[in-house]
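Residue-level structure breakdown
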Amino acid sequence: MKLKTVFVLFLLAVVSLPLVAEPWVADLGDGTYKNPVLFADYSDPDVIRVGDDFYMVASSFTCIPGVPVLHSKDLVNWTIIGHVYDRLPLEKYNEPVHGEGSWAPSIRYHDGMFYVYFCTPHDGLFMAQTKDPAGKWELHHVVDVEMWEDPCPLWDDDGNAYLVRSKLRADILYLHKMSRDGKQILDNGEIIYYNVDKHPTIEGPKFLKKDGYYYILAPAGGVGQGWQTALRSRNIYGPYEDQIVLHTGSTDINGPHQGGLVELKSGEWWFMHFQERQPWGRIVHLQPVHWENGWPMMGKDIDNDGIGEPVASWKKPDVGKTWPVEIPQTTDEFNEKDLGMQWQWQANPQDAWYSLTANSGNMRLYSTRNLTQFGNLLFVPNLLLQKIASPEFTATTRLVFNPELPDEKAGLVMMGNEWAHIVMNNDKDGLEIAMYVGKYDRENDATQKIEAVKVKDNTCYLQLTFKENGECSFYYSLDGKDFQSLGTTFDVIEGHWIGAKVGIFCSSPNMQLSKGYADFDWFRME
């Protein structure tokens, strides 16, 4: 064979290979970082420093375990160390309740204790506390009330405790007195800020005190196109002055707001906030902060209008030393006895859904009965999912499928308000590998089989690729080496208040309970 022919065949082989991309690393290795620091859906982030350690929490909505806790030494490199709760203590969360669950948590440290506060839109105020943020949190349902959102506590210099919060679709900030242990609300609250003409959709308040001023940081203007407002007053009940301290300006970072302000030992101040970028969700940026005339000015005043704009890159925070590169967990070899911290279900989990010990080194997902419109995954609680964590990636898993009943399925899914998956399916004529697309439709079966191939063996390798343009493609292999394309490309769609997620599942549409199961040897994101 001529050299030219060999080269052409090599090029064709390379072009046909699935996408493999490097994980997103914000630390540039030269004392600087790039934004976003987390290319993943850590919505409504809040951050604190305790000693030399930084802790961040984010919204979970109905993804459970809920309210992830991340740790960093330098605000740039982060890992997941736990969750605030393993389940929400209300029966309705045993099934997916999209759009509800935990909204905009705040984290604070007071008198040796870590506190996290959050609301759900219809279940009221919750507080969790612990002495070890990587350990078990004690969850309290503080008050059952409608339409509260985005709470944040403040313990004043005299030890008295207060809670600021917003109200769903009301453009109002309220202040409540709390018991000193933070477990009780002591009054109905007072309105401390309302200016719908100047700061519509004001929400997500974060409370702090500095140099005799009470400060409330509150995003306004809406998720997609809003700005960061700072309020200040010498009196905790106001009146509060206001100032816009961060906006889009001439950058392409839309809606830069809602986050946490933190002071370093070195005296530097930094602000972590989100940017809505679909289908990833609300990804996290880090902005330098300097104080100007008593206001926390964020980012850089690129347009010389007295308002900060987000930076694309900057010198890393001064924490006294250089720390190793770390990123939140994604790949899982399923060699541990506990579920990896990157994983979340669509509802309160049940032990009957899975086992990490039934076949050591594998995640065994059982063929759980789901009687939902012949493949509608929106209301299936036992999807095991994780965040999209980079602009592009490839996800691959090795599957051994042991079904018992017809139409049981197990495989790899890209999930949002619409979904697509590649699965091994127990068809009436035997096992097949099939690619499906679906969306919720109240009247019709909206999940469609696009393409399928019959197989004899119950072992296969399934793969999906995600590109920065939002396209997802699916592949399968019988030997783990030769991957074949299956089905069609899929335009990935975000979920309800969350970004799209990727993961694995095993499901049965039958009335009869099944003894079927699927063993996933590993799940790798590259």
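Below, the structure is looked at part by part. Please read these numbers as outputs of a predicted model, since none were measured by experiment.

**Let's talk about the overall build of the protein**
- Of the regular secondary structure elements, the protein holds one helix and 37 strands.
- Here the C-alpha radius of gyration of the protein, 24 Å, is about what a compact globule of 526 residues would show, namely 24 Å.
- Residues counted as buried form 59% of the 526 residues belonging to the protein.
- As displayed, the protein has an accessible area near 21,800 Å², and 48% of this comes from carbon and sulfur atoms.

**Details of the sheet that holds strand 18 (residues 257-263)**
- Strand order in the open sheet made by the four strands is 18-19-20-21, with antiparallel pairing throughout. Strands with a single pairing partner mark the edges of an open sheet, and in this sheet they are strand 18 and strand 21 (295-298). Across the sheet, the mean angle separating the axes of adjacent strands is 35 degrees when strand polarity is ignored.
- In the sheet, strand 18 pairs with strand 19 (residues 269-277) via six bridges, with the strands oriented antiparallel. Looking across to strand 19, one finds that glutamate 263 is bridged to tryptophan 269.

**Observations concerning the side chain of histidine 421**
- You can see histidine 421 is positioned in strand 29 (residues 418-427).
- Among all residues touching histidine 421, those that are not within four sequence positions of it are Leu377, Leu412, Val413, Ala434, Met435, Tyr436, Thr447, Phe474 and Phe505.

**Focus on the packing of aromatic side chains**
- Within the structure shown, the criterion is met by 22 aromatic pairs.
- Between tryptophan 269 and tryptophan 291 the ring centres are 5.3 Å apart and the planes differ by 75 degrees, which places this aromatic pair in the edge-to-face class. Pair noted here: tryptophan 269 is in strand 19 and tryptophan 291 is in strand 20 (residues 281-292), with a separation of 22 residues, a long-range link.
- Tryptophan 291 gets classed as partly exposed once you look at its relative accessible area, which sits at 22%.
- An angle of 85 degrees between the planes, with centres 5.2 Å apart, marks the rings of phenylalanine 379 and tyrosine 440 as edge-to-face. Taken together, the residues span a long stretch of sequence, with phenylalanine 379 in the loop between strand 25 (368-369) and strand 26 (384-387) and tyrosine 440 in the loop between strand 30 (430-439) and strand 31 (448-454) at a distance of 61 residues.

**Some remarks on the pairing of strand 19**
- For strand 19, the buried fraction is high: seven of the nine residues fall into the buried class.
- In this structure, the hairpin formed by strand 18 and strand 19 is closed by a connection of five residues, where glycine 267 is found at a positive phi of approximately 95 degrees.
- Where strand 19 meets strand 20, nine bridges bridge the pair, whose relative direction is antiparallel. Counted as the bridge partner of phenylalanine 271 is glutamine 287 from strand 20.
- Linking strand 19 to strand 20, which pair antiparallel, is a turn of three residues.

**Quick look at the side chain of asparagine 510**
- Counting through the fold element by element, asparagine 510 comes out in the loop between strand 36 (501-508) and strand 37 (517-525).
- A residue is classified by how much of its surface remains accessible, and asparagine 510, at 17% relative accessible area, is buried.
- Within the structure, the side chain of asparagine 510 is placed 2.9 Å from the backbone oxygen of proline 406, a separation counted as a polar contact.
- Ignoring any residue separated from it by four or fewer positions in sequence, one finds asparagine 510 in contact with Arg369, Leu371, Leu405, Pro406 and Glu408.

**Quick look at the pattern of salt bridges**
- Tallied over the full model, the rule gives 22 salt bridges.
- With its nearest N and O atoms 2.8 Å apart, the salt bridge here joins lysine 265 to aspartate 52. Note that lysine 265 is positioned in the loop between strand 18 and strand 19 and aspartate 52 in the loop between strand 2 (46-50) and strand 3 (53-57), a separation of 213 residues in sequence.
- Assessed through its relative accessible area of 45%, aspartate 52 is described here as partly exposed.
- In the salt-bridge network here, residues are joined through shared partners; they are Asp427, Glu432, Lys449 and Lys454.

**With respect to a nonpolar patch on the surface**
- A cluster of nonpolar side chains, namely Ile191, Tyr194 and Val196, defines an oily patch on the protein surface of about 280 Å² accessible area.
- Structurally, the position occupied by isoleucine 191 is in strand 13 (residues 190-193).

**Re the environment of asparagine 469**
- Within the fold, asparagine 469 resides in the loop between strand 32 (459-466) and strand 33 (471-477).
- Remark: the alpha-carbon pair of asparagine 469 and valine 262, spanning 207 residues in sequence, is separated by 34 Å.
- Within the local environment of asparagine 469, its side chain forms a polar contact with the backbone nitrogen of glutamate 471, the two atoms lying 3.0 Å apart.

**Quick notes on the nonpolar core**
- Counting 68 residues, the largest nonpolar core has Leu75 and Met414 as the members making the most contacts within it.
- Ignoring any residue separated from it by four or fewer positions in sequence, one finds leucine 75 in contact with Val37, Val47, Phe54, Val262, Leu264, Trp270, Met272, Leu286 and Pro317.

**Section: a negative patch on the surface**
- A contiguous patch of negative charge, built from Glu292, Asp301, Asp303 and Asp305, is present on the exposed surface.
- Looking at the element boundaries, aspartate 301 is found in the loop between strand 21 and strand 22 (313-315).

**Some thoughts on the sheet that holds strand 3**
- With respect to topology, four strands assemble into an open sheet ordered 2-3-4-5, the strand pairing being antiparallel. Either end of the sheet is taken by a strand with one partner, and the two such strands are strand 2 and strand 5 (78-85). Strand-to-strand twist in this sheet, taken as the mean axis angle between neighbours without regard to direction, amounts to 25 degrees.
- Note that strand 4 (residues 66-72) and strand 5 share six bridges and pair antiparallel. Bridging from a neighbouring strand, proline 68 pairs with histidine 83 of strand 5.

Calculation notes
Residues numbered from 1 in each chain as written. Predicted model: local features only at pLDDT ≥ 70, side-chain atom pairs only at ≥ 80, totals over all residues. Heavy atoms only, no water. Helix = DSSP H or I, 4+ residues; strand = E, 2+ residues; numbered from the N terminus. Rg over C-alpha atoms; globule rule 2.2 N^0.38 Å. Buried < 20%, exposed > 50% of the residue type's maximum accessible area, 1.4 Å probe, protein only. Areas by Shrake-Rupley, 256 points an atom, 1.4 Å probe, with all protein chains shown as cover. Pairing = 2+ DSSP bridges. Axes fitted to C-alpha atoms, helices over the stretch in contact; angles between N-to-C directions. Contact = heavy atoms within 4.5 Å. Phe/Tyr/Trp six-rings, centres within 6.5 Å; stacked < 30°, edge-to-face > 60°. Polar contact = N/O pair within 3.5 Å; in protein donor to acceptor, adjacent residues only side chain to side chain. Salt bridge = Lys/Arg side-chain N within 4 Å of Asp/Glu carboxyl O. Patch = residues over 30% accessible without salt bridge, like charges linked within 9 Å, V, L, I, M, F, W, Y side chains within 5 Å. Core = buried A, V, L, I, M, F, W, Y, C linked by side-chain atoms within 4.5 Å. Lys, Arg positive; Asp, Glu negative; His and termini not counted. Charge placed at Lys NZ, Arg CZ, Asp CG, Glu CD.

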